[in-house]
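Coordinate inspection notes
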Amino acid sequence: MAIIIDGKNLSSLIKENLKEKVSEFEEKYNRQITLAVVLVGENPASQVYVRNKIKATEYVGMKSLSITLPETATYEEVAKEINNLALDNSVDGILVQLPLPKHLDEQKILKLIPIEKDVDGFLPENVGNLCLNLESSIPCTPFGVIQMLKHYNVELKGKNAVIIGRSNIVGKPMAMLLLKEDCTVTICHSKTTNLKEFTNKADILIAAIGKAKFVTEDMVKDGAVVIDVGINRVDGKIYGDVDFENVSKKASYITPVPGGVGPMTIAMLLENTYLSAVRRNNE
Ligand code: NAD
């Protein structure tokens, strides 16, 4: 039976540590670190994510600004809010909750965020810096995965890491981070043929697909480390991308859903906001 990688517990440790760092920052610079969250529309999952992010921000002693716009908001209306936050010197981080309503161009909106306030690490410059191993804001979910692997002392050097999913927010940055840790990285996706051939060679298998229980035990090597990024709602219940019950019998380490990658993502958003505040203060 695999060791459970407890993301809830680790995220609590990170938040307690941040609480201290945030209060030291406030004492030293006589100002509160501020994160602004912009939500457009009424997507119920996004509303829950935003609520959780605001709660966690305030828990560690940061200030949160919440901007909510209707589903019908135009590009100009959204841009006006982001431009105000960009100019506001008291704001350290700006997060635009994705997905945006279909009529809005995601990349065009994200580009309005100044690089130094991009706490999601989604801007092209931050993505480029990550690829070049330069200082950057690291996308929160893959950042959280790396923290979990390190906290549990999982050996990464020279290991075969296979990622299922090539999204800009999870799969691609995850590959860059694992490459930095000296893994041999393979990215699989919806057009990959013979997926099982790749996954069965994985010492570290990361599932970021968005399909409940997609990864079954026959796709996993004995003793593999399995990280489940998926969040899938089925009949009111949340499932990961991995068939936890059966895969956990084969893996050496595994993350549960919920209680794995999810809470780590929020903790790393707070860490990124703190780092962004420190960088802005030093400039
Ligand atoms: P996405 O839809 O952008 O990407 C999904 C990827 O899966 C694509 O690259 C696609 O090629 C691949 N894929 C789809 N079907 C496949 C198949 N049959 N075989 C192989 N690959 C296949 O999704 P995303 O934004 O990367 O999110 C993935 C999952 O992770 C979702 O469930 C999402 O809710 C979850 N997520 C969780 C967190 C968290 O904090 N835990 C953060 C972000 C995303």
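Refer to the structure presented above.
So, here is what we can say about the structure in this document. Throughout, residues of each chain are indexed from 1 in the direction in which the sequence is written. Predicted model: local features are reported for residues with pLDDT of at least 70 only, side-chain atom pairs are reported and counted for 80 or more only, and whole-chain, interface and lining totals are derived from all residues. Side-chain numbers come from the whole structure's heavy atoms, not from hydrogens or water.

Before going further, it helps to spend a moment on the site of the ligand. Surrounding the ligand, one finds 21 residues, the nearest of these being R166, S167, S190, I231 and T265. Contacts described as polar in this section are N or O atom pairs within 3.5 Å, which, within protein, must combine one atom able to donate a hydrogen with one able to accept it, while residues neighboring in sequence count only if both atoms come from side chains. Taking S167, its side chain carries an N or O atom lying 2.5 Å from an oxygen atom of the ligand. T265 places a polar side-chain atom, nitrogen or oxygen, 2.8 Å from an oxygen atom of the ligand. Surface accessibility in these figures is a Shrake-Rupley result with a 1.4 Å probe; residues are shielded only by whichever protein chains are displayed. In isolation the ligand exposes 850 Å². Once the protein is present, 73% of that is buried. Starting at the N terminus, helices and strands are each numbered in turn, a helix being any DSSP run of H or I of at least four residues and a strand any DSSP run of E of at least two. Considering every element that reaches the shell around the ligand, the biggest residue donor is helix 10 (residues 261–282), with three residues. Classification convention: Asp, Glu, Lys, Arg as charged; Ala, Val, Leu, Ile, Met, Phe, Trp, Tyr, Cys, Pro as nonpolar; all other residues, Gly among them, as polar. Partitioned by chemical class, the residues of the shell around the ligand number nine nonpolar, 10 polar and two charged. One heavy atom within 4 Å of a molecule or strand makes the whole residue count as near it.

Quick look at the packing of helix 6 (residues 140–151) against helix 10 now. Each axis is a line fitted through C-alpha atoms, taken for helices only over the stretch in contact, and angles between the N-to-C directions span 0 to 180 degrees. Two elements in contact, helix 6 and helix 10, have axes whose closest approach is 8 Å; the angle formed by their N-to-C orientations is 105 degrees. As summarised for this structure, helix 6 and helix 10 are arranged roughly perpendicular, according to the angle between their axes. Here helix 6 contributes C140, T141, F143, G144, V145, Q147 and M148 to the contact with helix 10, which in turn contributes V261, M264, T265, M268, L269, E271 and N272. Angle categories are assigned with fixed cut-offs, so that under 35 degrees is roughly parallel, over 145 is roughly antiparallel, 65 to 115 is roughly perpendicular, and the rest are oblique. Whether two residues touch is decided by their heavy atoms; if any such pair falls within 4.5 Å, the residues are in contact.

What follows concerns the pattern of salt bridges. Salt bridges, as used here, are contacts in which a Lys or Arg side-chain nitrogen is within 4 Å of a carboxyl oxygen on Asp or Glu. By the definition in use, this model includes eight salt bridges. For R31, the salt bridge goes to D92, with nearest N and O atoms at 2.7 Å. Here the residue R31 occupies a position in the loop between helix 1 (7–29) and strand 2 (34–40), and D92 occupies one in the loop between helix 3 (75–87) and strand 4 (93–96), the gap between them amounting to 61 residues. We call a residue buried when its accessible area falls under 20% of the maximum for its residue type, exposed when it is over 50%, and partly exposed in between, using a 1.4 Å probe and counting protein chains only. Judged by relative accessible area, R31 falls into the partly exposed class, the value being 21%. A salt bridge links E181 to K150; its shortest N-O distance comes to 3.0 Å. Note that E181 is positioned in the loop between helix 7 (171–180) and strand 6 (184–188) and K150 in helix 6, a separation of 31 residues in sequence. Owing to a relative accessible area of 43%, K150 belongs among the partly exposed residues under this scheme. Three or more residues are tied together by salt bridges with common partners; here these are R31, D92 and R280.

Geometric descriptors of this kind do not, in isolation, establish any biological role.
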